[in-house]
Amino acid sequence: MTTTLRPTTTPTPAAGPAATGPVAPDRVLTGDRPTGPLHLGHYFGTLRNRVRLQNEGADLFLVIPDYQVLTDRDVAERLSEHVEGLVLDYLAAGVDPDRATIFTHSAVPALNQLLLPFLSLVSVAELGRNPTVKDEIAHSRQAAVSGLMFTYPAHQAADILFCKATLVPVGRDQEPHLELTRTIARRFNERYGPVFPEPRTLLSEAPLLLGTDGTKMSKSRANSLALKASSNDTARLIRGAKTDATRLVSYDPERRPEVSNLVLLAALCQDRDPHEVAAEIGEGGAAALKAAVTDAVNTHLAPLRARRAAYAQELGYVRQLIREGNERANAVAEATLDEVRRAMGTFR
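What you see is a predicted model, and the numbers here were worked out from it, not measured in a lab. (Residues numbered from 1 in each chain as written. Predicted model: local features only at pLDDT ≥ 70, side-chain atom pairs only at ≥ 80, totals over all residues. Heavy atoms only, no water.)

1. Side note on the nonpolar core
- Ranked by size, the top nonpolar core spans 55 residues in total, and within it Leu40, Phe44, Tyr90, Leu227, Leu289 and Val293 carry the most contacts.
- Among the secondary structure elements, those contributing two or more residues to this core are helix H1 (40-55), strand E2 (59-64), helix H2 (79-93), strand E3 (100-104), helix H11 (257-270), helix H12 (274-281), helix H13 (285-312) and helix H14 (315-344).
- Top element by residues in this core is H11. It accounts for nine residues.
- Val63, Ala157, Phe162 and Phe188 belong to the second largest nonpolar core, which has 36 residues in total. (Core = buried A, V, L, I, M, F, W, Y, C linked by side-chain atoms within 4.5 Å. Buried < 20%, exposed > 50% of the residue type's maximum accessible area, 1.4 Å probe, protein only. Helix = DSSP H or I, 4+ residues; strand = E, 2+ residues; numbered from the N terminus.)

2. A word on the packing of aromatic side chains
- Scanning all chains against the criterion turns up seven aromatic pairs.
- Seen from their ring centres, Tyr43 and Phe44 are 4.9 Å apart, and the 70 degrees between their planes marks the pair as edge-to-face.
- Since its relative accessible area comes to 1%, Phe44 is described here as buried.
- An aromatic cluster is built from Phe118, Phe188, Tyr192 and Phe196, whose rings are joined through pairwise contacts. (Phe/Tyr/Trp six-rings, centres within 6.5 Å; stacked < 30°, edge-to-face > 60°.)

3. Brief notes about the packing of H11 against H13
- Across the interface, H11 lies against H13 with an axial gap of 8 Å and an inter-helix angle of 35 degrees. Here H11 and H13 pass one another in a crossing that is left-handed. The segment H11 lies against H13, with Val259, Leu262, Val263, Leu265, Ala266, Cys269 and Gln270 engaging Leu289, Lys290, Val293, Ala296, Val297 and His300. (Axes fitted to C-alpha atoms, helices over the stretch in contact; angles between N-to-C directions. Left-handed = near helix turned anticlockwise from the far one by under 90°. Contact = heavy atoms within 4.5 Å.)

4. Looking at the environment of His300
- Mapped onto the secondary structure, His300 falls in helix H13.
- Distance from His300 to Leu268, taken between C-alpha atoms, is 9.3 Å for residues 32 residues apart in sequence.
- Excluding anything up to four places from it in sequence, His300 contacts Tyr43, Phe44 and Cys269.
- Within polar-contact distance, the side chain of His300 engages the side chain of Tyr43 at 3.2 Å. (Polar contact = N/O pair within 3.5 Å; in protein donor to acceptor, adjacent residues only side chain to side chain.)

5. As for the side chain of Asn298
- Of note, Asn298 is situated in helix H13.
- A polar contact is formed between the side chain of Asn298 and the side chain of Arg305, at a distance of 2.9 Å.

6. Side note on the confidence of the model for the protein
- Here the protein averages 86 in pLDDT, while 87% of its residues score no lower than 70.
- Looking at the elements of the protein, mean pLDDT is at its lowest for helix H6 (residues 131-138), recorded as 70, and at its highest for H14, recorded as 97.
- The low-confidence segment residues 1-25, where pLDDT is below 50, has 50 contacts with residues more than four positions distant or belonging to other chains. (pLDDT = per-residue confidence, 0-100.)

7. Points about the pairing of strand E4 (residues 167-170)
- Judged by which residues are buried, E4 turns out to be covered on both faces: Leu167 and Pro169 on one side and Val168 and Val170 on the other are all buried.
- Direction of pairing for E4 relative to strand E5 (residues 200-203): parallel, over a ladder of four bridges. The residue of E5 that forms the bridge with Val168 is Thr201. (Pairing = 2+ DSSP bridges.)

8. Describing unusual backbone geometry
- Its identity is not glycine, yet Lys164 carries a phi of approximately 55 degrees, on the positive side.
- Position of Lys164 relative to the elements: it lies in the loop between helix H8 (152-161) and E4.
- One non-glycine residue with positive phi stands out, namely Asp271, at about 55 degrees.
- Relative to the helices and strands, Asp271 is located in the loop between H11 and H12.

9. Some details on the packing of H8 against helix H9 (residues 175-192)
- Remark: H8 packs on H9, axes separated minimally by 9 Å, with the N-to-C direction vectors making an angle of 70 degrees. When the axis of H8 is compared with that of H9, the two are roughly perpendicular. The two elements H8 and H9 cross, and the hand of that crossing is right-handed. Residue-level contacts link Tyr152, Pro153, Ala154, Gln156, Ala157, Ile160 and Leu161 of H8 to His177, Leu178, Leu180, Thr181, Ile184 and Ala185 of H9.
- In the contact of H8 with H9, the residues fall into ten nonpolar, three polar and no charged. (Parallel < 35°, antiparallel > 145°, perpendicular 65-115°, else oblique. Nonpolar A, V, L, I, M, F, W, Y, C, P; charged D, E, K, R; others polar.)

10. Structural notes on the pairing of E2
- With five of its six residues buried, E2 lies for the most part within the structure.
- Bridging between strand E1 (residues 27-31) and E2 involves five bridges; their strand directions are parallel. Bridge pairing in E2 links Thr30 to Leu62.
- Between the parallel elements E1 and E2, the chain passes through H1 in a crossover that is right-handed.
- Sheet topology places E2 next to E3; five bridges connect them, and they run parallel. In the strand pairing of E3, Leu62 is matched with Ile102. (Right-handed = clockwise from strand over helix to strand, strands pointing away.)

11. Re the pattern of salt bridges
- On inspection of all chains with the given rule, the structure shows 18 salt bridges.
- Across the pair Glu84 and Arg319 runs a salt bridge, and its minimum N-O distance is 2.7 Å. Of the two residues, Glu84 is situated in helix H2 and Arg319 in helix H14; the sequence distance between them amounts to 235 residues.
- On the basis of relative accessible area, Glu84 is assigned to the buried category, the value being 16%.
- Notably, a salt bridge pairs Asp244 with Arg256, separated by 2.8 Å at the nearest N-O pair. Of this pair, Asp244 sits in the loop between helix H10 (231-239) and H11 while Arg256 sits in the loop between H10 and H11, and the two are twelve residues apart along the sequence.
- On the basis of relative accessible area, Asp244 is assigned to the partly exposed category, the value being 30%.
- Here the residues in one salt-bridge network are Arg272, Glu276 and Glu280, joined through shared partners. (Salt bridge = Lys/Arg side-chain N within 4 Å of Asp/Glu carboxyl O.)

Here it is in structure tokens:
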């Protein structure tokens, strides 16, 4: 793999205060389910923060939770393709595998073994009232709620705590998961002795972006703008985005969520204030707004898409990165599991 494929630029850091703790922690854990390509919600929600933290010296762990694909579907279709696609998106966005550990959930047995003691630390009621799980259940592809879906927050806690992450970049909708993770860490430490930190949350300047239909942007809802999409596909999707009947374009998320979401997309891509973007479009209406957003998104993503296309020609290199990341994650998980066994007094 030639070094010319390495990203040469760093995404613009998130504007304004975003963290509840230090911005350069010892260890960061985050990741994405391999159910399809990453979209602009992922990019502005967490991905840019990951790259920024990496560049500031954080020890970055990126989990690809392939087991968790089954939380809301019966089978994990095209799994290996989606795993490789996520890694391509990461590399194109600026993740450096020499400074980050990219690994797959199913390849780290010791991580998954933590789920058993963690489930003993939370009640059924606590799992059942998690608002993020309720939302996922509402949009699930399954006729009934599986045990994996129900225990998803505890499994995510294992993803975070196996490497003793101290900071987790997430969208606002994922905050309930982090709260439960902190609860599990605190209860384990109180019951068995100090093993786990209580991770803090890092929110971006755009914690929740709407999709083209006006609901949360999501891979499963077919309303997202994929990072890898062509410029023509991007234009087509934005043309179909929901707006309203008022011709004057304004930035008013409370009263005009769909229009304001498009304004925000353009502002994020151009690193500008959304009110300034709206004022510039003025009486241009939905057509002018969508044209401005299309131009802003395609211009911003052009270098990323070029890097992704180059990495896609080197899939052997991508697969080797995953194998190496799995080896590093396994070593960390085994060490943590040994600590857990000693704290609990179990035999190895």
